[in-house]
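So the chains spell out like this:
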Amino acid sequence: MATIVRGFVPTSEFALGTTLERLPEASFETERIVTSGEDAVMPLLWVRRVEKDDIDRALEADPTVEELSSLADFGTEMLYRMKWIDHVDLLLQMITNSEATILDAYGRGDRWSLRVLYPDRDEFSKTHDFCNEHGLTFEVESVREMKGEPAGRFGLTEQQYRALVAATEWGYYDIPRESKLQEIAAEFDLSHQAFSERLRRGTASLVRDTLIVGEPPDDLGPG
């Protein structure tokens, strides 16, 4: 059964440790990670919170980066393609030996936060054993089996999933709103408050599971 694992890896055991030590305010978020041969990976990374000249100098001096290309510069964030050649043993093990997919990776400060999809729990056990054998750290935060149903793919309970789908189908999130919360709650035989709480918990779970890997950007405001 497919399994999603969330966990943390120290930057010293992963990649870009020199860059993150030099620019601790910088944050990295993966767009995509693919293998490149047997001893390297080539990620596409978004870089935020730093000036382009500063990050260019830091990445060019980082021993884990062999190749570097700047793909886009939007002022507040930049997209890079690079080749990692050092401290990527754990990542290579996940992708090649355990047939895992790196859904998200977020690096800032002294650690990387990862969300990894394994084809089954036994494959995740291979990563766990690999870390023990090689003295690597993968601090697991959560392990969740997907179980096939739509709710399980997004970190929701079945009740939360049904509530969010119903609210969407009834036009509760439309502008202008096409239904009242009391009307949808009545279909579930719940009070307005109970249904509202279910929606809020479901929304929070959905955002955490699909949008937030590491810490959320600190410049987010109402919108």
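Structure: above.
So, how was this worked out
- Residues numbered from 1 in each chain as written.
- Predicted model: local features only at pLDDT ≥ 70, side-chain atom pairs only at ≥ 80, totals over all residues.
- Heavy atoms only, no water.
- Helix = DSSP H or I, 4+ residues; strand = E, 2+ residues; numbered from the N terminus.
- Buried < 20%, exposed > 50% of the residue type's maximum accessible area, 1.4 Å probe, protein only.
- Contact = heavy atoms within 4.5 Å.
- Areas by Shrake-Rupley, 256 points an atom, 1.4 Å probe, with all protein chains shown as cover.
- Lys, Arg positive; Asp, Glu negative; His and termini not counted.
- Charge placed at Lys NZ, Arg CZ, Asp CG, Glu CD.
- Phe/Tyr/Trp six-rings, centres within 6.5 Å; stacked < 30°, edge-to-face > 60°.
- Lys NZ or Arg CZ within 6 Å of the ring centre and 35° of its normal.
- Axes fitted to C-alpha atoms, helices over the stretch in contact; angles between N-to-C directions.
- Parallel < 35°, antiparallel > 145°, perpendicular 65-115°, else oblique.
- Left-handed = near helix turned anticlockwise from the far one by under 90°.
- Nonpolar A, V, L, I, M, F, W, Y, C, P; charged D, E, K, R; others polar.
- Pairing = 2+ DSSP bridges.

So, on to the overall build of the protein chain. Looking only at helices and strands, the protein chain features eight helices and eight strands. Principal axes of the C-alpha set define a box for the protein chain whose edges measure 60 × 45 × 25 Å. In the protein chain, which comprises 223 residues, the proportion classed as buried is 43%. Taking contacts inside the protein chain between residues at least 6 apart in sequence as the whole, the part at least 24 apart equals 64%. Accessible surface for the protein chain amounts to roughly 12,300 Å². Of this, 47% is attributable to carbon and sulfur atoms. Side chains of the protein chain carry 24 positive and 43 negative charges; the gap between the two charge centres is 6 Å.

Bringing the packing of aromatic side chains into the picture now. The tally for this structure, following the rule as stated, stands at eight aromatic pairs. Joined through ring pairs, the aromatic side chains of Phe14, Phe28, Trp84 and Trp112 make up one cluster. Seen from the ring of Phe8, Arg111 lies directly overhead, with NZ or CZ sitting 3.8 Å from the centre. One Lys or Arg, Arg177, reaches over the ring of Tyr172 and ends 4.0 Å from the middle of that ring.

With that settled, the discussion passes to the packing of helix H3 (residues 89–97) against helix H4 (residues 121–134). Orientation of H3 relative to H4, taken along the N-to-C sense of each, is 155°, at an axis distance of 10 Å. Classified by the interaxial angle, the pair formed by H3 and H4 is roughly antiparallel. As for the relative orientation of H3 and H4, their crossing is right-handed in sense. In contact with Asp89, Leu90, Gln93, Met94 and Asn97 of H3, H4 contributes Glu123, Lys126, Thr127, Phe130 and Cys131. Grouping the constituent residues of the contact of H3 with H4 by class yields four nonpolar, three polar and three charged.

We now examine the pairing of strand E3 (residues 41–48). Counting buried positions along E3 yields six of eight residues, so the element is predominantly enclosed. Two strands pair when backbone bridges link them, and strand E2 (residues 27–35) and E3 are joined in this way by eight bridges, in the antiparallel orientation. Residue pairing in the sheet places Glu29 in a bridge with Trp46 of E3. Taken together, E2 and the strand that follows it, E3, pair antiparallel across an intervening segment of five residues, in which Gly37 is found at a positive phi of about 80°. Pairing analysis gives six bridges linking E3 to strand E5 (residues 77–84), with the strands arranged antiparallel. Residue Val41 lies in a different strand from E5, and its bridge partner there is Trp84.

Turning our attention to the packing of helix H6 (residues 158–169) against helix H8 (residues 192–210). In the contact formed by H6 and H8, the axes pass within 9 Å of each other and the chain directions differ by 100°. Relative to H8, the element H6 lies roughly perpendicular. Along the contact surface, H6 presents Gln159, Gln160, Ala163, Leu164 and Ala167, while H8 presents Phe195, Arg198, Leu199, Arg201, Gly202, Thr203 and Ser205. Looking at the contact of H6 with H8 residue by residue, the classes come out as five nonpolar, five polar and two charged.

Honestly, it's all geometry; don't read function into it.
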